[in-house]
Amino acid sequence: RAVELDLRLGFGARQTLANGLFVFQEGTPGRLVPVEDSSLIGLETTLVGMARLTRYFTLTTEFDGLVPFGGEAVVFTWRSQATLRLASFMSLVYRLNVVRDPNLGIGTDPRTEHDVQLRFSYVIF
């Protein structure tokens, strides 16, 4: 199949164990603030998709979100990846991650991560 899509809904829980974690708080120069332990319970959803555009180019995405009961901020992670196969043993991969987790003390704005990899593989068996 060229395109696959999977949606899952249900109840979920997330727990953050900070264990002495500190984060930099913007607005105050050089200020580190401890992160509090937290637990969230609410409605959770996951959406997973994959599209094979050509034999050599693949897109995948995964969205995972939690809407907590009690009006707390929504937590989500969205991971996307584009893969270009250059040879049977080598591919070029671009990843984009978008994370919104106010429980880690990084604020309510989503944060993004970009990653480019040159991946080599070898089949042993």
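Residues numbered from 1 in each chain as written. Predicted model: local features only at pLDDT ≥ 70, side-chain atom pairs only at ≥ 80, totals over all residues. Heavy atoms only, no water.

*Asks:* Please clarify how the overall build of the chain should be interpreted in this entry.
*Replies:* Scanning the chain from N- to C-terminus turns up zero helices and eight strands. Ordered by position from the N terminus, the helices and strands of the chain form the series β-β-β-β-β-β-β-β. Relative to the compact-globule value of 14 Å for 125 residues, the chain shows a C-alpha radius of gyration of 19 Å, a clear excess of over 25%. As presented, the chain carries roughly 9,100 Å² of accessible surface, and 60% of it is formed by carbon and sulfur atoms. (Helix = DSSP H or I, 4+ residues; strand = E, 2+ residues; numbered from the N terminus. Rg over C-alpha atoms; globule rule 2.2 N^0.38 Å. Areas by Shrake-Rupley, 256 points an atom, 1.4 Å probe, with all protein chains shown as cover.)

*Asks:* Would you explain a nonpolar patch on the surface in this entry?
*Replies:* The grouping of Tyr56, Leu84, Leu86, Phe89, Leu92, Tyr94, Val116, Leu118 and Phe120 at the surface amounts to a nonpolar patch, some 860 Å² of accessible area in total. Of all elements in the fold, only β6 (75-87), β7 (90-100) and β8 (111-120) reach the threshold of two or more residues within the nonpolar patch. Take the nonpolar patch: its biggest share by element is three residues, from β8. Within the fold, Phe120 resides in strand β8. Relative accessible area serves as the criterion here: at 53%, Phe120 is assigned to the exposed category. (Patch = residues over 30% accessible without salt bridge, like charges linked within 9 Å, V, L, I, M, F, W, Y side chains within 5 Å. Salt bridge = Lys/Arg side-chain N within 4 Å of Asp/Glu carboxyl O. Buried < 20%, exposed > 50% of the residue type's maximum accessible area, 1.4 Å probe, protein only.)

*Asks:* Before we go on, may I ask you to explain the environment of Glu113 in this structure?
*Replies:* Structurally, Glu113 is set in strand β8. With 15 residues separating them along the chain, Glu113 and Val98 place their C-alpha atoms 6.5 Å apart. Apart from the residues lying within four places of it in its own chain, the contact partners of Glu113 are Arg95, Leu96 and Asn97. (Contact = heavy atoms within 4.5 Å.)

*Asks:* Explanation requested: the environment of Thr61 in the structure shown.
*Replies:* Tracing the backbone through its elements, the reader meets Thr61 in strand β5 (residues 57-68). We classify Thr61 as partly exposed; its relative accessible area is 30%. Remark: the alpha-carbon pair of Thr61 and Glu4, spanning 57 residues in sequence, is separated by 11 Å. Once residues within four sequence positions are removed from consideration, Thr61 is found in contact with Leu47, Val48, Gly49, Trp78, Arg79 and Ser80.

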